[in-house]
Amino acid sequence: MTETVAPPRPTRRFTFEWLGVAPFVIFAVMFLILPTLYLVGAAFVGRDGQFTLENIAGLFTDQILAAYWISIRISGASALLGAIAGLAIALAIIRGRLPDGLRSTVMTFSGVASNFAGVPLAFAFISTLGRLGLVTIILKTVFDFDIYRAGFNVLSFWGLTLTYLYFQIPLMILMIAPAIDGLKKEWSEASQTLGASALQFWLYVGFPILWPSFLGTLSLLFANAFGAIATAYALTGSSLNIVPILLYAQIRGDALQNPGLGAALALGMIAITALANIIYLVISARAERWMR
Amino acid sequence: MSDQHFLRVEGLTKHYGTNAVVKGVSFDFSKGEFISLLGPSGCGKTTILRMIAGFETPSSGTIQVDGEDITALRPNQRRLGMVFQAYALFPNLTVGDNIGFGLKVAGLGREQRRARVEEMLKLIGLPGFEKRFPYEMSGGQQQRVALARAIAPRPRLLLLDEPLSALDAKIRVSLREEIRAIQRELGITTVFVTHDQEEALSISDRIVVMNAGNIEQLGTPHDIYNRPSTRFAATFVGHLNTLPAASFGPDRAIRPELISLTQRPDTDTTLSGIVSDIGFMGSVLRLKVDVADVRLSIDTFNANSTPPQRGDAVTLHLASRDVLALGA
Amino acid sequence: MKPRKFWPWLVFTLGAAYFLVPLIATFEFSLKMRRGYYSFDSYGSVFSDPAFQATFAYSALIGVFAIVVGIVVVVPAVYFVRLRLPHLRPLMEFITLLPLIIPAIVLVYGYIRLYNSSSIVPFTGSALGTDILLICGYVTLAMPYMYRAVDTGMRAIDVKTLTEAAQIMGADTLRIITSIILPNILVAVLSGAFLTFAIVIGEFTIASLLNRPAFGPYLQNIGANRAYEPSALAIISFIITWGAMGMIQLLARFAPRSAPVTD
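Predicted model only: the values in this text are computed from it and were never measured. (Residues numbered from 1 in each chain as written. Chains lettered and ligands numbered in written order. Predicted model: local features only at pLDDT ≥ 70, side-chain atom pairs only at ≥ 80, totals over all residues. Heavy atoms only, no water.)

**Some details on the overall build of chain C**
Reasoning step 1: When helices and strands are counted, chain C shows twelve helices and zero strands.
Reasoning step 2: Counting from the amino terminus, helix and strand elements in chain C follow one another as α-α-α-α-α-α-α-α-α-α-α-α.
Reasoning step 3: Dimensions along the principal axes, computed over C-alpha positions, put chain C at roughly 75 × 70 × 30 Å.
Reasoning step 4: Burial status across chain C gives 53% buried among its 263 residues. (Helix = DSSP H or I, 4+ residues; strand = E, 2+ residues; numbered from the N terminus. Buried < 20%, exposed > 50% of the residue type's maximum accessible area, 1.4 Å probe, protein only.)

Right, here's the structure in full:
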């Protein structure tokens, strides 16, 4: 706050500026920062009100560790596959010389699909790949192939990953499109006159330039899937053992009944999404040496 | 043989739908020539360059380099070097890696690349810059690196697409002299696209003056300036005064620097007029003189003597052999 | 040139199939309520359900409040940071990114623990207080999108010049915001508003954990207890989301521009 005092401005205007920013600051502190910090603190407080590491230690049970592991795998798989598929689709519509109208259609649809998460998305995938889903039935009657007998289940790891891709891919398309637009036409032309194939251009120039944006979106997709609960809950009830569902049950008082452990679960979630972002920041700082 | 017909373009046309941008252009240049394609924007000069580079497919016509028909080749098979208006250096690669890019994709080893990069950096006057990134350099430096990148793989032809127009006036002049010097040293055949007539005149062996998809005139800078063959070539290149029709006949014109305020041995015609404006441009004074109902521009060297004032009556001297007849 | 289009088309077609098949399947399923032939019975059943009407109206109302609060919180802050406090910009970017990193379930858990009936600010002590908390939760969820929409809008109109022009003509700050800035970024603000609405309308986690009678928990409840209505609801939700996004697209055509496009 000290630096705003420095310029010799009339005090009245100076307070007015801060009055404009104040609602935002108060709001962010009350509904974003304090609640998060409170949980972080609560994770280190025992039932007796004293500092303890017991809650953190309580995370290291088979059930909770398994939940974290499944969550990380589903989030990682859906983020990675979503990022790759989203990048491919974005490249196809932006640089693939497809008809002009296609791009805006895909971008609008991506805006819709990236927000079409939660409970309705679960319904859609049950109608598609559930035991009575259209695709399941068509595969069974027309191709005589029973995906459920082959081991698939929409309530499983791959089922959930496939479902999450429905909002992960569009999110990637929306986030990476500006970066692809930033690739100048002359770069590819210069590389062609220098004798490079399309593959060599992407290998040495195109992908390295997209890499930081790709990583940034990847970490965002990871966090996005890691915190998602509505889709999984609607698909599987509380039967699938992922962290958000575990925490949900904990909050609802369905299980465990230990507020300290609940806070520790939440802390673990924040730690993992934050870690994903830190990894991104470290890698991209190295990859972005060539940027201002 | 192939030295004489090194770059040969025949009947080149390009249509976009019903819109013809290049209308049957042919020319033939020798090895080592520096050629400028000069014309206003939209005249088709850039389209021709991009057809030579392979980024546009001609609607008809052929392009031959060193006896080989390259019309159907992909850009990466043509072995040409190109420098773009906006530098187009790869931002993620160091200067050294940018210059070595063409060598790397051609499969040259690290040591050979390093040697060639060093040689190129010395050539463009930026030794020791190989570890820099493009954003750490000025526009002029970046464009020199782009030039080095284009010539490092020893291309058969160097294509320059308005490479100076993004730069400051001062750097533009020094870099164009440097480009010409390097081109002479390497003897590389070069096609230079520009809309700036001064640039084209100062740098080229021969100039192709273009307008609306056609060649207006092809010749040396001296020819183009002093013996323009079409009205467009005469008016687009350099300044021109249309002379009073009453005393010279219709469509007669003269360059501003060929009118003097004093008699010269070769002058045979005089005109009298009133000075209406004086522009001081450093080494040159540009006078506006009203002669009858025509306003003439006159360039004289700044001779450190008192220049004429507005309203002065002056006598103008010119040689009738300097008067150009403007054709169609 | 022709064969180079093969891969783009292949990728596009595969993508289109992945995104369209579930929609088709869901729609087809929603028509199968009557045995033997297609009907819109499931839709009739949904629309006539009083719980559907009540929860949808509740969520829509909460959404409207979240939009209003979001605008009041975000617009002045973005304006003053752009205009006079540019050094706060990185901090603001960071704060508005946080809701994308901190999961909603963690946030709501924090709310429940922090603002319980025995705390200094007992939001959860009353139904009204919980409604307010729910609205604030939604404003937080939508903040990254609202912030970016408003920020982009202000960048496009060159706020600084507009403000200085207005100041020379003697307008005071409040007047500048309400009569100059807001009308010019209306399109951007409305984009943020529709995005907020799309996020809020079917939201499950926060509403469910705060025990509010919202549309999201209703959806979940129907999903657990009915067969055909869920797919009808999924289609309805998709259409609502499409409507909100379609409005943003439509609005984008009317966006004013006074600053030159720099990119």
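**Considering the overall build of chain A**
Reasoning step 1: When helices and strands are tallied, chain A shows twelve helices and zero strands.
Reasoning step 2: N-terminal to C-terminal, the α/β element order of chain A is α-α-α-α-α-α-α-α-α-α-α-α.
Reasoning step 3: In terms of overall size, chain A is more extended than a compact globule, its C-alpha atoms giving a radius of gyration of 24 Å where 292 residues would be expected to give roughly 19 Å.
Reasoning step 4: Along the longest, intermediate and shortest principal axes, the C-alpha atoms of chain A span 70 × 65 × 30 Å.
Reasoning step 5: Looking at the 292 residues of chain A, the share that counts as buried comes to 54%.
Reasoning step 6: Summed over its atoms, the accessible surface of chain A is roughly 13,100 Å², and 66% of this surface lies on carbon and sulfur atoms.
Reasoning step 7: Seen as two clouds, the 17 positive and the 13 negative side-chain charges of chain A have centres 6 Å apart. (Rg over C-alpha atoms; globule rule 2.2 N^0.38 Å. Areas by Shrake-Rupley, 256 points an atom, 1.4 Å probe, with all protein chains shown as cover. Lys, Arg positive; Asp, Glu negative; His and termini not counted. Charge placed at Lys NZ, Arg CZ, Asp CG, Glu CD.)

**Considerations on the packing of aromatic side chains**
Reasoning step 1: Tallying each qualifying case throughout the model produces 46 aromatic pairs over all chains.
Reasoning step 2: Consider the rings of Tyr164 of chain A and Phe167 of chain A, whose centres lie 5.3 Å apart with planes at 45°: the pair is tilted. With a gap of three residues between them, Tyr164 of chain A and Phe167 of chain A both fall in helix 7 (residues 157-181), about one helical turn apart. The same class applies to Tyr164 of chain A and to Phe167 of chain A, which are both buried.
Reasoning step 3: On the numbers, 6.5 Å between centres and 20° between planes, the contact of Phe133 of chain B with Tyr135 of chain B is stacked.
Reasoning step 4: Residue Phe133 of chain B is classed as buried on the basis of its relative accessible area of 8%.
Reasoning step 5: A residue is classified by how much of its surface remains accessible, and Tyr135 of chain B, at 35% relative accessible area, is partly exposed.
Reasoning step 6: Ring pairs connect the aromatic residues Phe109, Phe116, Phe125 and Tyr166 of chain A together with Tyr18, Phe19, Phe238 and Trp242 of chain C, which therefore count as one cluster.
Reasoning step 7: If you follow Lys104 of chain B out to its NZ or CZ, it ends over the ring of Tyr204 of chain A, 4.4 Å from the centre.
Reasoning step 8: Directly above the aromatic system of Phe129 of chain B lies the positively charged group of Arg132 of chain B, at a separation of 4.5 Å from the ring centroid. (Phe/Tyr/Trp six-rings, centres within 6.5 Å; stacked < 30°, edge-to-face > 60°. Lys NZ or Arg CZ within 6 Å of the ring centre and 35° of its normal.)

**With respect to the environment of Ala276 of chain A**
Reasoning step 1: Looking at the secondary structure, you find Ala276 of chain A in helix 12 (residues 259-287).
Reasoning step 2: The sequence separation of Ala276 of chain A and Leu215 of chain A amounts to 61 residues, and the corresponding C-alpha distance is 9.8 Å.

**Some words on unusual backbone geometry**
All names here are of chain B.
Reasoning step 1: One non-glycine residue, Asp66, lies in the positive phi region at around 55°.
Reasoning step 2: In this fold, Asp66 is placed in the loop between strand 4 (60-65) and strand 5 (68-69).
Reasoning step 3: Residues other than glycine seldom take positive phi values, yet Glu162 does so here, at roughly 45°.

**Considerations on the interface of chain C and chain A**
Reasoning step 1: If you look at the interface, chain C gives 74 residues, while chain A gives 75 residues.
Reasoning step 2: On the chain C side of the interface with chain A, the three residues burying the most area are Tyr18, Phe19 and Tyr109 of chain C, jointly 10% of the side's total.
Reasoning step 3: Along the contact surface separating chain C from chain A lie zero salt bridges.
Reasoning step 4: Between chain C and chain A we count twelve residue pairs in polar contact (both at pLDDT 80 or more) in total.
Reasoning step 5: Counting residues per element, the side of chain C that touches chain A draws most heavily on helix 1 (residues 6-30) of chain C, at 14 residues.
Reasoning step 6: In the side of chain C that touches chain A, the residues fall into 53 nonpolar, 16 polar and five charged. (Contact = heavy atoms within 4.5 Å. Buried area = accessible area lost by both parts, 1.4 Å probe. Salt bridge = Lys/Arg side-chain N within 4 Å of Asp/Glu carboxyl O. Polar contact = N/O pair within 3.5 Å; in protein donor to acceptor, adjacent residues only side chain to side chain. Nonpolar A, V, L, I, M, F, W, Y, C, P; charged D, E, K, R; others polar.)

**Things to note about the sheet that holds strand 7 (residues 157-161) of chain B**
All names here are of chain B.
Reasoning step 1: The sheet built from six strands is open, its strands ordered 6-7-8-3-9-10 with mixed pairing. The sheet terminates laterally at strand 6 (80-83) and strand 10 (214-219), the two strands that pair on one side only. For this sheet, the mean angle separating the axes of adjacent strands, direction not counted, is 15°.
Reasoning step 2: In terms of strand pairing, strand 7 meets strand 8 (residues 189-194) through five bridges, oriented parallel. Considered in strand 8, the bridge of Leu157 is made with Thr189.
Reasoning step 3: Here helix 4 (residues 139-151) sits on the sheet in contact with strand 6 and strand 7, set at roughly 170° to strand 6. (Pairing = 2+ DSSP bridges. Axes fitted to C-alpha atoms, helices over the stretch in contact; angles between N-to-C directions.)

**Topic: the pattern of salt bridges**
Reasoning step 1: For the structure on display, the rule yields 30 salt bridges over all chains.
Reasoning step 2: Linking Lys140 of chain A and Asp146 of chain A is a salt bridge whose minimum nitrogen-to-oxygen distance equals 4.0 Å.
Reasoning step 3: According to the relative accessible area criterion, Lys140 of chain A is partly exposed, its value standing at 38%.
Reasoning step 4: On the basis of relative accessible area, Asp146 of chain A is assigned to the buried category, the value being 18%.
Reasoning step 5: The partner of Arg82 of chain C in a salt bridge is Asp151 of chain C, with the nearest N and O atoms 3.3 Å apart. Taken together, the positions of Arg82 of chain C in helix 3 (residues 50-83) and Asp151 of chain C in helix 6 (residues 127-157) put the pair 69 residues apart, joining distant regions of the chain.
Reasoning step 6: Judged by its relative accessible area of 6%, Asp151 of chain C is buried.
Reasoning step 7: Salt bridges sharing common partners tie together Arg82, Arg89, Glu93, Arg148 and Asp151 of chain C.

**Observations concerning the nonpolar core**
Reasoning step 1: With 218 residues, the main nonpolar core has Tyr166 of chain A together with Ile48 of chain B as its most contacted residues.
Reasoning step 2: Among all residues touching Tyr166 of chain A, those that are not within four sequence positions of it are Phe109, Ala113, Phe116, Leu121 and Phe125 of chain A together with Tyr18, Phe19, Pro22 and Leu23 of chain C.
Reasoning step 3: Within the second largest apolar cluster, 31 residues are counted, among which are Val95, Val117, Ala146 and Leu164 of chain B. (Core = buried A, V, L, I, M, F, W, Y, C linked by side-chain atoms within 4.5 Å.)

**Here's the deal with the pairing of strand 7 of chain B**
Reasoning step 1: Along strand 7 of chain B, five of the five residues are buried, which leaves the element largely enclosed by surrounding structure.
Reasoning step 2: Between the parallel elements strand 7 of chain B and strand 8 of chain B, the chain passes through helix 5 (residues 169-186) of chain B in a crossover that is right-handed. (Right-handed = clockwise from strand over helix to strand, strands pointing away.)

**Some remarks on the packing of helix 4 (residues 100-115) of chain A against helix 1 of chain C**
Reasoning step 1: Packing of helix 4 of chain A against helix 1 of chain C brings their axes to within 13 Å, and their N-to-C directions diverge by 40°. Judged by the inter-axis angle, helix 4 of chain A sits oblique to helix 1 of chain C. The handedness of the crossing between helix 4 of chain A and helix 1 of chain C is left-handed. Along its contact with helix 4 of chain A, which presents Leu102, Val106, Phe109 and Ala113 of chain A, the element helix 1 of chain C presents Trp9, Phe12, Phe19 and Leu23 of chain C.
Reasoning step 2: For the contact of helix 4 of chain A with helix 1 of chain C, the residue count by class is eight nonpolar, no polar and no charged. (Parallel < 35°, antiparallel > 145°, perpendicular 65-115°, else oblique. Left-handed = near helix turned anticlockwise from the far one by under 90°.)

**Some remarks on the sheet that holds strand 13 (residues 269-280) of chain B**
All names here are of chain B.
Reasoning step 1: Across the sheet, which stays open at both edges, the four strands sit in the order 15-14-13-16 with antiparallel pairing between neighbours. Bordering the open sheet on either side are strand 15 (294-301) and strand 16 (313-318), each of which pairs with just one other strand. On average, each strand axis in the sheet is tilted by 50° relative to the strand beside it, whichever way the strands run.
Reasoning step 2: Direction of pairing for strand 13 relative to strand 14 (residues 284-291): antiparallel, over a ladder of six bridges. What sits directly across from Phe280, in strand 14, is Leu285.

**Considering the side chain of Ser237 of chain C**
Reasoning step 1: Among the secondary structure elements, Ser237 of chain C is positioned in helix 12 (residues 229-252).
Reasoning step 2: Ignoring anything within four residues of it in the chain, the contact list for Ser237 of chain C reads Phe116 and Pro120 of chain A together with Phe215 and Leu219 of chain C.

**Describing the packing of helix 4 of chain A against helix 12 of chain C**
Reasoning step 1: Between helix 4 of chain A and helix 12 of chain C, whose axes approach to 9 Å, the crossing angle comes to 135°. Between helix 4 of chain A and helix 12 of chain C, the interaxial angle falls into the category oblique. Note that helix 4 of chain A runs across helix 12 of chain C; the crossing there is right-handed. Contact with helix 4 of chain A, carried on its side by Thr108, Phe109, Gly111, Val112 and Asn115 of chain A, involves Phe238, Thr241, Trp242, Met245 and Gln249 of chain C of helix 12 of chain C and no other residues of that element.
Reasoning step 2: When its residues are assigned to classes, the contact of helix 4 of chain A with helix 12 of chain C shows five nonpolar, five polar and no charged.

On their own, these measurements won't tell you what the molecule is for.
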